[in-house]
Amino acid sequence: MIHINNLHKSFGQLEVLKGIDLTIPTGKTAVIIGPSGSGKTTLLRCLNLLEVPNQGSIKLGDQSINFDQNHKMKSKELVSFRKNTGMVFQSYNLFPHLTALENVMEGQTTVLKRSKADAEKKAKALLDKVGLSDRADMYPHQLSGGQQQRVGIARAMAMDPKVLLFDEPTSALDPELVGEVLKVMKDLSKENMTMVIVTHEMNFAKEVADQVIFMDQGVIIEKGTPEEVFENTQNQRTLQFLNKVASRS
Amino acid sequence: MIADQERVDRIIGILSDSFFPILKAGIEFTIPLTLITFVLGLILAFFVALARLSNMKSINAVAKFYVWIFRGTPLLVQIFILFYGLPSMGITLDPFPAAVIAFTLNKGAYSSEIIRAAILSIPKGQWEAAFSIGMTKSQAMRRIIIPQAIRVSLPPLGNSFISLVKDTSLAATITVTELFQKGQQIAAATYEPLWIYIEVAFIYLIFSTVLSYFQTKLEVRFERSVAK
(Lines give C-alpha, C1' and ligand atoms only; values in the text may rest on other atoms or scores of the structure.)
Protein backbone atom coordinates (compact mmCIF):
# COMPACT_ATOMS: atom_id res chain seq x y z
CA MET A 1 0.00 0.00 0.00
CA ILE A 2 1.15 3.52 -0.76
CA HIS A 3 0.04 6.17 1.64
CA ILE A 4 0.75 9.80 0.80
CA ASN A 5 0.04 12.38 3.45
CA ASN A 6 -0.05 16.18 3.07
CA LEU A 7 2.71 16.23 0.45
CA HIS A 8 4.12 19.62 -0.53
CA LYS A 9 6.74 20.45 -3.14
CA SER A 10 7.99 23.85 -4.28
CA PHE A 11 10.53 24.85 -6.89
CA GLY A 12 11.80 28.13 -5.52
CA GLN A 13 8.78 30.39 -5.14
CA LEU A 14 6.54 28.15 -7.21
CA GLU A 15 4.47 25.70 -5.20
CA VAL A 16 3.77 22.75 -7.46
CA LEU A 17 2.18 20.35 -4.98
CA LYS A 18 -0.06 21.95 -2.37
CA GLY A 19 -0.84 19.20 0.06
CA ILE A 20 -1.56 15.86 -1.60
CA ASP A 21 -3.34 13.08 0.32
CA LEU A 22 -3.69 9.78 -1.47
CA THR A 23 -3.87 6.08 -0.74
CA ILE A 24 -3.23 3.43 -3.36
CA PRO A 25 -3.97 -0.13 -2.26
CA THR A 26 -1.56 -2.95 -3.10
CA GLY A 27 -2.21 -4.57 -6.44
CA LYS A 28 -4.27 -1.69 -7.77
CA THR A 29 -3.73 0.64 -10.72
CA ALA A 30 -4.05 4.36 -10.16
CA VAL A 31 -4.14 6.71 -13.12
CA ILE A 32 -3.39 10.39 -12.64
CA ILE A 33 -4.86 12.78 -15.21
CA GLY A 34 -4.90 16.52 -15.47
CA PRO A 35 -3.79 19.50 -17.57
CA SER A 36 -0.11 20.23 -18.03
CA GLY A 37 1.34 22.09 -15.10
CA SER A 38 -1.08 20.41 -12.73
CA GLY A 39 1.76 18.75 -10.81
CA LYS A 40 0.98 15.17 -11.77
CA THR A 41 4.48 14.37 -13.03
CA THR A 42 6.00 16.05 -9.98
CA LEU A 43 3.83 13.90 -7.73
CA LEU A 44 5.05 10.80 -9.54
CA ARG A 45 8.67 11.92 -9.28
CA CYS A 46 8.19 12.54 -5.58
CA LEU A 47 7.13 8.91 -5.14
CA ASN A 48 10.61 7.69 -6.05
CA LEU A 49 12.36 10.76 -4.68
CA LEU A 50 13.72 12.04 -7.98
CA GLU A 51 12.22 15.16 -6.46
CA VAL A 52 12.44 15.37 -2.70
CA PRO A 53 9.24 16.81 -1.23
CA ASN A 54 9.45 19.77 1.16
CA GLN A 55 6.83 18.56 3.58
CA GLY A 56 4.55 15.62 4.29
CA SER A 57 5.13 11.89 4.33
CA ILE A 58 5.10 8.85 2.06
CA LYS A 59 4.58 5.34 3.33
CA LEU A 60 5.38 2.48 1.00
CA GLY A 61 4.87 -1.01 2.42
CA ASP A 62 6.60 -1.00 5.77
CA GLN A 63 8.91 1.88 4.87
CA SER A 64 7.81 5.33 5.90
CA ILE A 65 9.56 8.58 5.21
CA ASN A 66 8.89 12.07 6.55
CA PHE A 67 9.97 15.21 4.75
CA ASP A 68 11.11 18.40 6.32
CA GLN A 69 12.60 21.16 4.20
CA ASN A 70 15.00 22.23 6.95
CA HIS A 71 16.48 18.77 7.06
CA LYS A 72 18.43 17.55 4.05
CA MET A 73 17.85 13.87 3.29
CA LYS A 74 20.81 11.53 3.35
CA SER A 75 21.52 9.86 0.04
CA LYS A 76 21.45 6.48 1.81
CA GLU A 77 17.84 7.06 2.80
CA LEU A 78 16.98 8.11 -0.75
CA VAL A 79 18.58 5.03 -2.26
CA SER A 80 17.00 2.55 0.13
CA PHE A 81 13.56 4.04 -0.46
CA ARG A 82 14.01 4.12 -4.23
CA LYS A 83 14.79 0.42 -4.38
CA ASN A 84 11.11 -0.26 -3.71
CA THR A 85 9.94 1.69 -6.74
CA GLY A 86 10.40 1.25 -10.46
CA MET A 87 10.07 4.08 -12.95
CA VAL A 88 9.20 4.15 -16.63
CA PHE A 89 10.12 7.43 -18.31
CA GLN A 90 8.45 9.37 -21.09
CA SER A 91 11.71 9.40 -23.08
CA TYR A 92 12.59 5.78 -22.12
CA ASN A 93 16.09 6.74 -20.89
CA LEU A 94 17.54 3.37 -21.76
CA PHE A 95 21.29 3.05 -21.30
CA PRO A 96 22.59 3.44 -24.88
CA HIS A 97 25.90 1.68 -24.27
CA LEU A 98 24.17 -1.52 -23.15
CA THR A 99 22.08 -4.05 -25.08
CA ALA A 100 18.40 -4.58 -24.25
CA LEU A 101 19.36 -7.59 -22.14
CA GLU A 102 22.15 -5.72 -20.36
CA ASN A 103 19.79 -2.82 -19.66
CA VAL A 104 17.51 -5.21 -17.80
CA MET A 105 20.46 -6.90 -16.03
CA GLU A 106 22.33 -3.76 -14.93
CA GLY A 107 20.33 -2.90 -11.81
CA GLN A 108 20.12 -6.53 -10.76
CA THR A 109 23.88 -7.04 -10.76
CA THR A 110 25.02 -3.58 -9.62
CA VAL A 111 22.33 -2.77 -7.08
CA LEU A 112 20.80 -6.06 -5.97
CA LYS A 113 24.13 -7.94 -6.32
CA ARG A 114 22.50 -10.86 -8.08
CA SER A 115 24.83 -13.23 -9.90
CA LYS A 116 25.20 -12.65 -13.62
CA ALA A 117 23.52 -15.96 -14.39
CA ASP A 118 20.49 -15.19 -12.19
CA ALA A 119 20.20 -11.68 -13.57
CA GLU A 120 20.37 -12.92 -17.13
CA LYS A 121 17.73 -15.56 -16.50
CA LYS A 122 15.37 -13.01 -15.02
CA ALA A 123 16.13 -10.45 -17.74
CA LYS A 124 15.37 -13.00 -20.46
CA ALA A 125 12.10 -13.94 -18.80
CA LEU A 126 11.08 -10.28 -18.56
CA LEU A 127 12.02 -9.50 -22.16
CA ASP A 128 9.94 -12.50 -23.15
CA LYS A 129 7.05 -11.12 -21.11
CA VAL A 130 7.16 -7.79 -22.95
CA GLY A 131 7.48 -9.65 -26.26
CA LEU A 132 11.08 -8.81 -27.04
CA SER A 133 13.02 -12.03 -26.51
CA ASP A 134 14.25 -11.81 -30.10
CA ARG A 135 15.66 -8.31 -29.52
CA ALA A 136 17.75 -9.09 -26.43
CA ASP A 137 21.12 -8.42 -28.05
CA MET A 138 20.16 -5.21 -29.80
CA TYR A 139 21.21 -1.78 -28.67
CA PRO A 140 18.57 0.85 -27.91
CA HIS A 141 19.29 2.80 -31.11
CA GLN A 142 18.40 -0.32 -33.09
CA LEU A 143 14.94 -0.53 -31.50
CA SER A 144 11.73 1.37 -32.23
CA GLY A 145 10.31 3.71 -29.60
CA GLY A 146 7.68 1.17 -28.58
CA GLN A 147 10.30 -1.54 -28.23
CA GLN A 148 12.56 0.76 -26.23
CA GLN A 149 9.73 1.60 -23.88
CA ARG A 150 8.94 -2.07 -23.36
CA VAL A 151 12.59 -2.66 -22.49
CA GLY A 152 12.20 0.25 -20.06
CA ILE A 153 9.28 -1.53 -18.41
CA ALA A 154 11.29 -4.76 -18.17
CA ARG A 155 14.22 -2.84 -16.68
CA ALA A 156 11.97 -1.40 -13.97
CA MET A 157 10.32 -4.78 -13.30
CA ALA A 158 13.68 -6.50 -12.89
CA MET A 159 14.19 -4.80 -9.54
CA ASP A 160 11.02 -6.43 -8.11
CA PRO A 161 9.62 -3.05 -7.08
CA LYS A 162 6.62 -2.73 -4.79
CA VAL A 163 5.21 -0.13 -7.16
CA LEU A 164 5.75 0.75 -10.81
CA LEU A 165 5.58 4.42 -11.74
CA PHE A 166 4.82 5.45 -15.32
CA ASP A 167 5.51 9.02 -16.41
CA GLU A 168 3.54 9.58 -19.63
CA PRO A 169 4.97 6.36 -21.07
CA THR A 170 3.37 6.72 -24.50
CA SER A 171 3.62 10.49 -25.07
CA ALA A 172 6.84 10.30 -27.08
CA LEU A 173 5.65 7.42 -29.25
CA ASP A 174 4.37 7.40 -32.81
CA PRO A 175 0.62 6.67 -32.66
CA GLU A 176 0.94 3.21 -34.19
CA LEU A 177 3.40 2.16 -31.46
CA VAL A 178 1.25 3.24 -28.50
CA GLY A 179 -0.83 0.06 -28.50
CA GLU A 180 2.03 -2.37 -27.89
CA VAL A 181 3.15 -0.45 -24.80
CA LEU A 182 -0.38 -0.09 -23.41
CA LYS A 183 -0.91 -3.81 -23.89
CA VAL A 184 2.10 -4.64 -21.73
CA MET A 185 0.80 -2.25 -19.07
CA LYS A 186 -2.67 -3.83 -19.21
CA ASP A 187 -1.17 -7.26 -18.68
CA LEU A 188 0.74 -6.01 -15.65
CA SER A 189 -2.40 -4.44 -14.25
CA LYS A 190 -4.26 -7.73 -14.64
CA GLU A 191 -1.47 -9.46 -12.74
CA ASN A 192 -2.09 -7.09 -9.86
CA MET A 193 1.12 -5.15 -10.08
CA THR A 194 0.72 -1.94 -8.08
CA MET A 195 0.99 0.87 -10.60
CA VAL A 196 0.74 4.65 -10.66
CA ILE A 197 0.37 5.99 -14.18
CA VAL A 198 0.45 9.55 -15.43
CA THR A 199 -1.08 9.54 -18.89
CA HIS A 200 -3.17 11.39 -21.48
CA GLU A 201 -4.62 8.12 -22.80
CA MET A 202 -8.18 8.50 -21.48
CA ASN A 203 -9.53 5.30 -23.03
CA PHE A 204 -6.70 3.37 -21.47
CA ALA A 205 -7.44 5.00 -18.12
CA LYS A 206 -11.11 4.05 -18.36
CA GLU A 207 -10.27 0.48 -19.14
CA VAL A 208 -7.42 -0.22 -16.77
CA ALA A 209 -7.66 2.09 -13.78
CA ASP A 210 -9.00 0.99 -10.43
CA GLN A 211 -8.72 4.57 -9.32
CA VAL A 212 -8.64 7.77 -11.37
CA ILE A 213 -7.14 10.91 -9.87
CA PHE A 214 -7.77 14.29 -11.44
CA MET A 215 -5.24 16.95 -10.51
CA ASP A 216 -5.16 20.65 -11.25
CA GLN A 217 -2.88 23.40 -10.00
CA GLY A 218 -1.14 21.25 -7.44
CA VAL A 219 -4.13 19.74 -5.72
CA ILE A 220 -6.29 16.65 -6.20
CA ILE A 221 -9.65 17.89 -7.44
CA GLU A 222 -11.36 14.57 -7.60
CA LYS A 223 -10.63 10.87 -7.24
CA GLY A 224 -12.76 7.79 -7.74
CA THR A 225 -13.47 4.84 -10.00
CA PRO A 226 -13.33 5.44 -13.76
CA GLU A 227 -17.14 5.56 -13.88
CA GLU A 228 -17.31 8.12 -11.11
CA VAL A 229 -14.77 10.43 -12.73
CA PHE A 230 -15.37 9.89 -16.44
CA GLU A 231 -19.15 9.33 -16.53
CA ASN A 232 -20.72 10.85 -13.47
CA THR A 233 -18.56 13.71 -12.30
CA GLN A 234 -20.31 16.73 -10.85
CA ASN A 235 -17.14 18.74 -10.61
CA GLN A 236 -16.95 21.70 -13.00
CA ARG A 237 -13.18 21.60 -13.44
CA THR A 238 -13.14 17.88 -14.12
CA LEU A 239 -15.92 18.31 -16.69
CA GLN A 240 -14.12 21.16 -18.36
CA PHE A 241 -10.92 19.14 -18.65
CA LEU A 242 -12.67 16.02 -19.95
CA ASN A 243 -14.56 18.06 -22.55
CA LYS A 244 -11.36 19.68 -23.76
CA VAL A 245 -9.63 16.33 -24.09
CA ALA A 246 -12.66 14.77 -25.79
CA SER A 247 -12.98 17.55 -28.36
CA ARG A 248 -9.30 17.16 -29.23
CA SER A 249 -9.41 13.46 -30.09
CA MET B 1 74.74 21.61 -63.90
CA ILE B 2 77.49 19.43 -62.51
CA ALA B 3 77.65 21.57 -59.38
CA ASP B 4 73.87 21.22 -59.00
CA GLN B 5 74.07 17.48 -59.37
CA GLU B 6 76.71 17.37 -56.63
CA ARG B 7 74.52 19.41 -54.33
CA VAL B 8 71.52 17.17 -54.91
CA ASP B 9 73.65 14.11 -54.20
CA ARG B 10 74.99 15.69 -51.03
CA ILE B 11 71.49 16.54 -49.76
CA ILE B 12 70.17 13.09 -50.57
CA GLY B 13 73.15 11.61 -48.78
CA ILE B 14 72.60 13.76 -45.67
CA LEU B 15 68.88 13.05 -45.62
CA SER B 16 69.28 9.30 -45.90
CA ASP B 17 72.09 9.25 -43.35
CA SER B 18 70.07 11.32 -40.87
CA PHE B 19 66.65 9.71 -41.36
CA PHE B 20 67.20 6.76 -39.06
CA PRO B 21 69.05 8.66 -36.31
CA ILE B 22 66.18 11.18 -36.19
CA LEU B 23 63.53 8.45 -36.34
CA LYS B 24 65.42 6.61 -33.60
CA ALA B 25 65.37 9.70 -31.37
CA GLY B 26 61.64 9.89 -32.03
CA ILE B 27 61.07 6.28 -31.09
CA GLU B 28 63.37 6.45 -28.08
CA PHE B 29 62.21 9.74 -26.61
CA THR B 30 59.29 11.43 -28.42
CA ILE B 31 56.98 8.42 -28.39
CA PRO B 32 57.68 7.34 -24.77
CA LEU B 33 57.44 10.94 -23.58
CA THR B 34 54.11 11.31 -25.38
CA LEU B 35 52.65 8.03 -24.14
CA ILE B 36 53.81 8.37 -20.53
CA THR B 37 52.65 11.95 -20.15
CA PHE B 38 49.38 11.28 -21.91
CA VAL B 39 48.49 8.38 -19.63
CA LEU B 40 49.62 10.18 -16.46
CA GLY B 41 47.89 13.35 -17.65
CA LEU B 42 44.64 11.43 -18.24
CA ILE B 43 44.69 9.90 -14.78
CA LEU B 44 45.36 13.30 -13.24
CA ALA B 45 42.71 14.88 -15.47
CA PHE B 46 40.10 12.34 -14.44
CA PHE B 47 40.50 13.13 -10.75
CA VAL B 48 40.66 16.85 -11.40
CA ALA B 49 37.43 16.60 -13.43
CA LEU B 50 35.72 14.75 -10.56
CA ALA B 51 37.01 17.37 -8.14
CA ARG B 52 35.65 20.13 -10.39
CA LEU B 53 32.25 18.39 -10.40
CA SER B 54 32.30 17.77 -6.66
CA ASN B 55 29.96 19.59 -4.32
CA MET B 56 32.75 20.12 -1.83
CA LYS B 57 33.80 23.73 -2.19
CA SER B 58 37.41 23.37 -1.03
CA ILE B 59 38.20 20.47 -3.38
CA ASN B 60 36.50 22.29 -6.18
CA ALA B 61 38.52 25.46 -5.53
CA VAL B 62 41.86 23.63 -5.50
CA ALA B 63 41.07 21.94 -8.81
CA LYS B 64 39.91 25.20 -10.34
CA PHE B 65 43.08 26.96 -9.22
CA TYR B 66 45.27 24.25 -10.72
CA VAL B 67 43.48 24.40 -14.08
CA TRP B 68 43.66 28.19 -14.05
CA ILE B 69 47.44 28.22 -13.51
CA PHE B 70 48.36 25.56 -16.04
CA ARG B 71 46.01 26.69 -18.77
CA GLY B 72 46.85 30.33 -18.29
CA THR B 73 50.65 30.12 -18.62
CA PRO B 74 52.78 28.95 -21.55
CA LEU B 75 53.95 25.36 -21.51
CA LEU B 76 57.47 26.53 -22.34
CA VAL B 77 57.54 28.73 -19.24
CA GLN B 78 56.28 25.85 -17.10
CA ILE B 79 59.07 23.63 -18.43
CA PHE B 80 61.70 26.32 -17.73
CA ILE B 81 60.49 26.91 -14.17
CA LEU B 82 60.68 23.18 -13.47
CA PHE B 83 64.05 22.53 -15.07
CA TYR B 84 65.98 25.79 -14.76
CA GLY B 85 64.09 27.40 -11.87
CA LEU B 86 63.74 24.69 -9.25
CA PRO B 87 67.49 23.99 -8.83
CA SER B 88 67.81 27.37 -7.08
CA MET B 89 65.48 25.92 -4.42
CA GLY B 90 67.68 22.83 -4.18
CA ILE B 91 65.43 20.65 -6.35
CA THR B 92 67.33 19.40 -9.38
CA LEU B 93 65.54 17.26 -11.93
CA ASP B 94 67.00 15.31 -14.82
CA PRO B 95 65.77 16.53 -18.20
CA PHE B 96 63.51 13.60 -19.03
CA PRO B 97 61.65 13.46 -15.69
CA ALA B 98 61.36 17.23 -15.71
CA ALA B 99 59.73 17.03 -19.14
CA VAL B 100 57.40 14.25 -18.00
CA ILE B 101 56.26 16.28 -14.98
CA ALA B 102 55.77 19.50 -16.92
CA PHE B 103 53.82 17.87 -19.77
CA THR B 104 51.72 15.81 -17.36
CA LEU B 105 50.69 18.82 -15.31
CA ASN B 106 49.91 20.80 -18.43
CA LYS B 107 47.98 18.02 -20.19
CA GLY B 108 46.18 17.17 -16.96
CA ALA B 109 44.74 20.67 -16.81
CA TYR B 110 43.54 20.67 -20.43
CA SER B 111 42.23 17.10 -20.44
CA SER B 112 40.35 17.62 -17.18
CA GLU B 113 38.22 20.24 -18.92
CA ILE B 114 37.53 17.83 -21.78
CA ILE B 115 36.48 15.08 -19.37
CA ARG B 116 34.40 17.44 -17.27
CA ALA B 117 32.55 18.70 -20.34
CA ALA B 118 31.97 15.12 -21.52
CA ILE B 119 30.48 14.11 -18.17
CA LEU B 120 28.26 17.20 -18.14
CA SER B 121 27.08 16.45 -21.69
CA ILE B 122 25.37 13.19 -20.68
CA PRO B 123 21.64 13.96 -20.41
CA LYS B 124 20.01 14.23 -16.98
CA GLY B 125 17.65 11.39 -17.92
CA GLN B 126 20.57 8.95 -17.75
CA TRP B 127 21.26 9.92 -14.13
CA GLU B 128 17.56 9.66 -13.32
CA ALA B 129 17.26 6.25 -14.95
CA ALA B 130 20.25 5.05 -12.94
CA PHE B 131 18.79 6.47 -9.71
CA SER B 132 15.40 4.96 -10.52
CA ILE B 133 16.88 1.45 -10.43
CA GLY B 134 18.37 2.17 -7.03
CA MET B 135 21.91 3.16 -7.95
CA THR B 136 23.97 5.42 -5.73
CA LYS B 137 25.66 8.44 -7.24
CA SER B 138 29.00 6.66 -7.56
CA GLN B 139 27.42 3.55 -9.09
CA ALA B 140 25.62 5.72 -11.63
CA MET B 141 28.87 7.52 -12.41
CA ARG B 142 30.86 4.32 -12.83
CA ARG B 143 28.36 2.16 -14.67
CA ILE B 144 26.28 4.61 -16.69
CA ILE B 145 27.83 8.06 -17.05
CA ILE B 146 31.57 7.38 -17.46
CA PRO B 147 31.18 4.73 -20.20
CA GLN B 148 29.19 7.25 -22.25
CA ALA B 149 31.43 10.17 -21.36
CA ILE B 150 34.46 8.23 -22.64
CA ARG B 151 32.86 8.05 -26.06
CA VAL B 152 32.07 11.75 -26.03
CA SER B 153 35.58 12.70 -24.98
CA LEU B 154 37.42 10.51 -27.51
CA PRO B 155 37.59 13.01 -30.40
CA PRO B 156 38.81 15.97 -28.29
CA LEU B 157 41.21 13.75 -26.34
CA GLY B 158 42.51 12.39 -29.64
CA ASN B 159 43.19 15.93 -30.81
CA SER B 160 44.95 16.75 -27.61
CA PHE B 161 47.02 13.57 -27.92
CA ILE B 162 48.20 14.52 -31.39
CA SER B 163 49.05 18.02 -30.29
CA LEU B 164 51.05 16.48 -27.44
CA VAL B 165 53.18 14.52 -29.94
CA LYS B 166 54.23 17.84 -31.42
CA ASP B 167 54.45 19.73 -28.12
CA THR B 168 57.09 17.27 -26.92
CA SER B 169 59.50 19.08 -29.24
CA LEU B 170 59.68 21.71 -26.49
CA ALA B 171 61.62 19.16 -24.44
CA ALA B 172 64.53 19.97 -26.76
CA THR B 173 64.91 23.25 -24.87
CA ILE B 174 65.87 21.34 -21.73
CA THR B 175 68.37 19.09 -23.51
CA VAL B 176 66.23 15.99 -23.98
CA THR B 177 67.54 14.44 -27.19
CA GLU B 178 64.16 13.75 -28.67
CA LEU B 179 63.27 13.97 -32.34
CA PHE B 180 63.56 17.74 -32.73
CA GLN B 181 66.75 18.06 -30.67
CA LYS B 182 68.35 15.36 -32.81
CA GLY B 183 67.31 17.27 -35.92
CA GLN B 184 68.83 20.46 -34.52
CA GLN B 185 72.12 18.70 -33.89
CA ILE B 186 72.27 17.31 -37.40
CA ALA B 187 71.21 20.62 -38.95
CA ALA B 188 73.99 22.38 -37.06
CA ALA B 189 76.56 19.83 -38.15
CA THR B 190 75.58 19.69 -41.82
CA TYR B 191 74.53 23.33 -42.45
CA GLU B 192 71.38 22.07 -44.20
CA PRO B 193 68.62 23.41 -41.91
CA LEU B 194 65.97 23.61 -44.64
CA TRP B 195 66.20 19.99 -45.68
CA ILE B 196 66.82 18.56 -42.22
CA TYR B 197 63.86 20.42 -40.69
CA ILE B 198 61.63 19.32 -43.56
CA GLU B 199 62.74 15.80 -42.76
CA VAL B 200 61.97 16.38 -39.08
CA ALA B 201 58.52 17.67 -40.01
CA PHE B 202 57.97 14.64 -42.21
CA ILE B 203 58.76 12.24 -39.36
CA TYR B 204 56.36 14.08 -37.04
CA LEU B 205 53.77 13.78 -39.79
CA ILE B 206 54.27 10.01 -39.92
CA PHE B 207 53.77 9.78 -36.16
CA SER B 208 50.63 11.92 -36.15
CA THR B 209 49.13 10.08 -39.11
CA VAL B 210 49.61 6.68 -37.52
CA LEU B 211 48.14 7.95 -34.25
CA SER B 212 45.08 9.53 -35.89
CA TYR B 213 44.47 6.26 -37.64
CA PHE B 214 44.21 4.50 -34.28
CA GLN B 215 42.08 7.33 -32.92
CA THR B 216 39.55 6.85 -35.73
CA LYS B 217 39.48 3.11 -35.11
CA LEU B 218 38.79 3.68 -31.44
CA GLU B 219 36.00 6.16 -32.18
CA VAL B 220 34.27 3.72 -34.50
CA ARG B 221 34.43 1.05 -31.82
CA PHE B 222 32.73 3.26 -29.27
CA GLU B 223 30.21 4.75 -31.69
CA ARG B 224 26.46 4.82 -31.04
CA SER B 225 26.81 4.29 -27.34
CA VAL B 226 25.79 7.72 -26.08
CA ALA B 227 22.34 9.00 -25.13
CA LYS B 228 21.07 11.86 -27.25
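Refer to the structure above for everything that follows.
Residues numbered from 1 in each chain as written. Chains lettered and ligands numbered in written order. Predicted model: local features only at pLDDT ≥ 70, side-chain atom pairs only at ≥ 80, totals over all residues. Heavy atoms only, no water.

Q: Account for the overall build of chain A, naming residues and giving values.
A: Across its full length, chain A carries nine helices and 10 strands. In terms of overall size, chain A behaves like a compact globule, its C-alpha atoms giving a radius of gyration of 18 Å where 249 residues would be expected to give roughly 18 Å. Among the 249 residues that make up chain A, the fraction classed as buried is 55%. Long-range pairs, those at least 24 residues apart, make up 65% of the contacts in chain A with a sequence separation of at least 6. In the structure as shown, chain A presents an accessible area of about 11300 Å², 46% of it carried by carbon and sulfur atoms. Charge-centre separation for chain A: the mean point of 30 positive side chains lies 5 Å from the mean point of 29 negative side chains. (Helix = DSSP H or I, 4+ residues; strand = E, 2+ residues; numbered from the N terminus. Rg over C-alpha atoms; globule rule 2.2 N^0.38 Å. Buried < 20%, exposed > 50% of the residue type's maximum accessible area, 1.4 Å probe, protein only. Contact = heavy atoms within 4.5 Å. Areas by Shrake-Rupley, 256 points an atom, 1.4 Å probe, with all protein chains shown as cover. Lys, Arg positive; Asp, Glu negative; His and termini not counted. Charge placed at Lys NZ, Arg CZ, Asp CG, Glu CD.)

Q: Explain the pattern of salt bridges to me, and be specific about the residues and the numbers.
A: A complete count under the given rule lists 19 salt bridges over all chains for this structure. Measuring nitrogen to oxygen at the nearest pair gives 2.6 Å for the salt bridge that ties Glu128(B) to Arg45(A). With Glu128(B) in helix H5 (residues 124-132) and Arg45(A) in helix H1 (residues 40-47), this residue pair bridges two chains. No difference in accessibility class separates Glu128(B) from Arg45(A), as the two residues are buried. A salt bridge links Glu180(A) to Arg150(A); the nearest nitrogen and oxygen atoms lie 2.7 Å apart. In this pair, Glu180(A) sits in helix H6 (residues 175-190) while Arg150(A) sits in helix H5 (residues 145-157), placing the two residues 30 residues apart along the sequence. Via salt bridges that share partners, Arg45(A), Glu51(A), Lys124(B) and Glu128(B) belong to a single interconnected network. (Salt bridge = Lys/Arg side-chain N within 4 Å of Asp/Glu carboxyl O.)

Q: I'd love a proper account of the packing of aromatic side chains, names of residues and values included.
A: Applying the stated criterion across every chain, the model contains 12 aromatic pairs over all chains. For the ring pair Tyr66(B) and Phe70(B), a centre distance of 5.2 Å and an interplane angle of 50° mean the geometry is tilted. You can see Tyr66(B) and its partner Phe70(B) sitting in helix H2 (residues 57-72), four residues apart, about one turn around the helix. By relative accessible area, Tyr66(B) is classed as buried at 14%. A network of ring pairs unites the aromatic residues Phe80(B), Phe83(B) and Tyr84(B) as a single cluster. Directly above the aromatic system of Phe95(A) lies the positively charged group of Arg155(A), at a separation of 4.5 Å from the ring centroid. (Phe/Tyr/Trp six-rings, centres within 6.5 Å; stacked < 30°, edge-to-face > 60°. Lys NZ or Arg CZ within 6 Å of the ring centre and 35° of its normal.)

Q: Outline the interface of chain B and chain A, supporting the account with residue identities and numerical values.
A: Between chain B and chain A, the contact holds 21 residues from the first and 22 residues from the second. Both sides together, the interface formed by chain B and chain A hides about 1800 Å², and carbon and sulfur atoms give 62% of it. At the junction of chain B and chain A, the tally comes to two salt bridges. Scanning the region where chain B abuts chain A turns up six residue pairs in polar contact (both at pLDDT 80 or more). Mapped by element, the contributors of at least two residues to the side of chain B that touches chain A are H5 and helix H6 (137-167) of chain B. It is H5(B) that contributes the most residues to the side of chain B that touches chain A, eight residues altogether. (Buried area = accessible area lost by both parts, 1.4 Å probe. Polar contact = N/O pair within 3.5 Å; in protein donor to acceptor, adjacent residues only side chain to side chain.)

Q: Talk me through the sheet that holds strand S1 (residues 2-11) of chain A; I want residue IDs and the actual numbers.
A: Residue and element names in this part refer to chain A. If you walk across this open sheet you meet the four strands as S2-S1-S4-S5, and the pairing is antiparallel. Strands at the two margins of the open sheet, each flanked by one partner only, are strand S2 (14-24) and strand S5 (63-68). If you compare each strand with its neighbour and ignore which way they point, the axes differ by 15° on average. Sheet strands in contact with H1 are S1, S2 and strand S4 (55-60), and its direction is about 115° off that of S1. (Pairing = 2+ DSSP bridges. Axes fitted to C-alpha atoms, helices over the stretch in contact; angles between N-to-C directions.)

Q: Any chance you could break down the nonpolar core for me, citing the residues and the numbers?
A: Counting 52 residues, the largest nonpolar core has Ile2(A), Ile4(A), Leu7(A), Ile20(A), Leu43(A) and Val196(A) as the members making the most contacts within it. Top element by residues in this core is H6(B). It accounts for six residues. Setting aside chain neighbours within four positions, we find Leu43(A) in contact with Ile4(A), Leu7(A), Leu17(A), Ile20(A), Ile32(A) and Met215(A). (Core = buried A, V, L, I, M, F, W, Y, C linked by side-chain atoms within 4.5 Å.)

Q: Break down the pairing of S1(A) for me, citing the residues and quoting the values.
A: Residues and elements named next belong to chain A. Alignment of S1 against S2, held across eight bridges, turns out to be antiparallel. Within S2, the position partnered with His3 by the bridge is Thr23. The sheet contact formed by S1 and S4 spans five bridges and is antiparallel. What sits directly across from His8, in S4, is Gln55.

Q: An account of the side chain of Lys9(A) is needed here, citing residue identities and associated values.
A: Mapping Lys9(A) onto the fold places it in strand S1. In this structure Lys9(A) touches Leu14(A), Glu15(A), Val16(A), Leu17(A), Thr42(A), Cys46(A), Glu51(A), Val52(A), Pro53(A) and Asn54(A), once residues within four positions along its chain are discounted.

Q: Got a sec to walk through helix H2 (residues 75-82) of chain A? Specific residues and values, please.
A: Buried residues of H2(A): Leu78(A), Val79(A), Phe81(A) and Arg82(A), and no others. All buried residues of H2(A) project into a common sector of 165° when viewed along the axis, lining one side. Tucked into the core, H2(A) has its buried residues touching H1, S4, S5 and strand S6 (85-88) of chain A together with H5 of chain B. (Arc of directions from axis to C-beta.)

Q: Report on a nonpolar patch on the surface, specifying residues and quantitative values.
A: A cluster of nonpolar side chains, contributed by Phe202(B), Leu205(B), Ile206(B), Val210(B), Tyr213(B) and Phe214(B), occupies part of the molecular surface with about 600 Å² of accessible area. The residue Ile206(B) is located in helix H8 (residues 193-222) in this model. (Patch = residues over 30% accessible without salt bridge, like charges linked within 9 Å, V, L, I, M, F, W, Y side chains within 5 Å.)

Q: Would you mind going over the sheet that holds strand S7 (residues 163-167) of chain A in detail, with residue names and values included?
A: Residues and elements named next belong to chain A. Read across the open sheet, the six strands follow the order S6-S7-S8-S3-S9-S10; overall the sheet is mixed. The open sheet is flanked by S6 and strand S10 (219-224), the only strands paired with a single partner. Strand after strand, the sheet turns through a mean of 20° between neighbouring axes, direction not considered. Direction of pairing for strand S3 (residues 29-33) relative to strand S8 (residues 195-198): parallel, over a ladder of four bridges. Note that in S8 the partner of Thr29 across the bridge is Met195. H6 rests against S3, S7 and S8 of the sheet, and its axis sits at about 150° to S8.

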